[in-house]
Amino acid sequence: KEDFIALHVRRGDYITSRSTSRYHGNLEKSYFIKAVKYIRKNFGKLPVFLFSDDYDWLNTNLKEVIPNSFVISSVSNSAEEDLFYMTNAKYFILSNSTFSWFAAFLSTKKNKFIVIPKYWFNKVETSKDFIYKDWDYKIM
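Residues numbered from 1 in each chain as written. Predicted model: local features only at pLDDT ≥ 70, side-chain atom pairs only at ≥ 80, totals over all residues. Heavy atoms only, no water.

J.: Can you explain the sheet that holds strand β8 (residues 136-139)? Please cite residues and give values.
T.: The strand order across the open sheet built from 6 strands is β3-β2-β1-β4-β5-β8, with neighbouring strands paired in parallel fashion. Where the open sheet ends on each side, the last strands, each with one partner, are β3 (69-71) and β8. Shown here is a sheet whose adjacent strand axes are inclined to one another by a mean of 20°, direction ignored. Here strand β1 (residues 5-9) runs beside strand β4 (residues 91-93); their pairing, made up of 3 bridges, is parallel. When the bridges of β4 are listed, A6 appears paired with F92. Its contacts with the sheet place helix α4 (residues 55-62) against β1, β2 (48-52) and β3, and it is angled at close to 140° to β2. Against the sheet, helix α5 (residues 79-87) engages β1, β2 and β4, with an angle of about 150° to β2. (Pairing = 2+ DSSP bridges. Helix = DSSP H or I, 4+ residues; strand = E, 2+ residues; numbered from the N terminus. Axes fitted to C-alpha atoms, helices over the stretch in contact; angles between N-to-C directions. Contact = heavy atoms within 4.5 Å.)

So this is what it looks like as structure tokens:
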């Protein structure tokens, strides 16, 4: 029932496929850390629930540096379960991925807030077309 931040990191084929990586690019760890600091500064010391298709990366790179964060994704979770859990958030930190975009879109929370990466595609700034009309957001 408590509000939380859903932070989604897309890695998978963004890391393993050279052509996909060149097309989409990979978000830096610093983006996620900066986004958490921004939301907490403006909305309070909320817990951060971490979601990804690369669970080891979450534990090694984000859980260690973001206080009050919890890795929710696991090898036993399905993508559908992760999406369901994410839709219960009021605050979102998106990867450049439609998976995290849809989690924010499907959330029924009122006054939700979304942090969106500056580049949705490699070296192509995120277009206003990617931002749902009712979203309160910050591009970082």
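J.: Just give me the short version of the pairing of β2, but keep the residues and values in it.
T.: Within β2, 4 of the 5 residues are buried, leaving the element largely enclosed by the surrounding structure. Here β2 runs beside β3; their pairing, made up of 3 bridges, is parallel. Among the inter-strand pairings, V48 is bridged to a residue of β3, identified as S69. (Buried < 20%, exposed > 50% of the residue type's maximum accessible area, 1.4 Å probe, protein only.)

J.: Outline the pattern of salt bridges, listing residues and values.
T.: Tallied over the entire structure, the rule returns 1 salt bridge. A salt bridge links K109 to D3, with the nearest nitrogen and oxygen atoms 4.0 Å apart. Here K109, found in the loop between α6 (98-106) and β5 (113-116), pairs with D3, found in the segment before β1; they are 106 residues apart in sequence, far enough to count as distant. Using a relative accessible area of 26% as the deciding quantity, one classes D3 as partly exposed. (Salt bridge = Lys/Arg side-chain N within 4 Å of Asp/Glu carboxyl O.)

J.: Just give me the short version of unusual backbone geometry, but keep the residues and values in it.
T.: Unlike most non-glycine residues, N68 shows phi in positive territory, near 55°. Even without being a glycine, N111 presents a positive backbone phi close to 60°. Counting through the fold element by element, N111 comes out in the loop between α6 and β5. The exposure class of N111 is exposed, given its relative accessible area of 66%.

J.: Give a description of the confidence of the model for the protein that names residues and reports values.
T.: Per-residue confidence for the protein gives a mean pLDDT of 88, with 89% of residues at or over 70. Within the protein, helix α1 (residues 12-16) has the poorest average pLDDT of any element, 56, and β4 the best, 98. (pLDDT = per-residue confidence, 0-100.)

J.: Please provide a residue-by-residue account of α5, values included.
T.: In an α-helix, one full turn covers 3.6 residues, which means residues spaced three or four apart are oriented alike. Among all positions in α5, only D82, M86 and T87 are buried. Along the axis of α5, the buried positions cluster into a sector of 135°, meaning they face one direction only. In α5, the exposed positions that point more than 90 degrees away from the buried face belong to E80 and F84. In the core, the buried residues of α5 are packed alongside β1, β2, β4 and α6. (Arc of directions from axis to C-beta.)

J.: How would you summarise the nonpolar core if you had to cite specific residues and measurements?
T.: Counting 21 residues, the largest nonpolar core has L7, I39, L62, I93 and V115 as its most contacted members. If you list the elements that add at least two residues to this core, you get β1, α3 (29-43), β2, α4, β4 and β5. Considering every element that reaches this core, the biggest residue donor is α3, with 6 residues. Among residues more than four places away in sequence, those in contact with L62 are L7, V9, K29, F32, I33, L50, W57 and S69. (Core = buried A, V, L, I, M, F, W, Y, C linked by side-chain atoms within 4.5 Å.)

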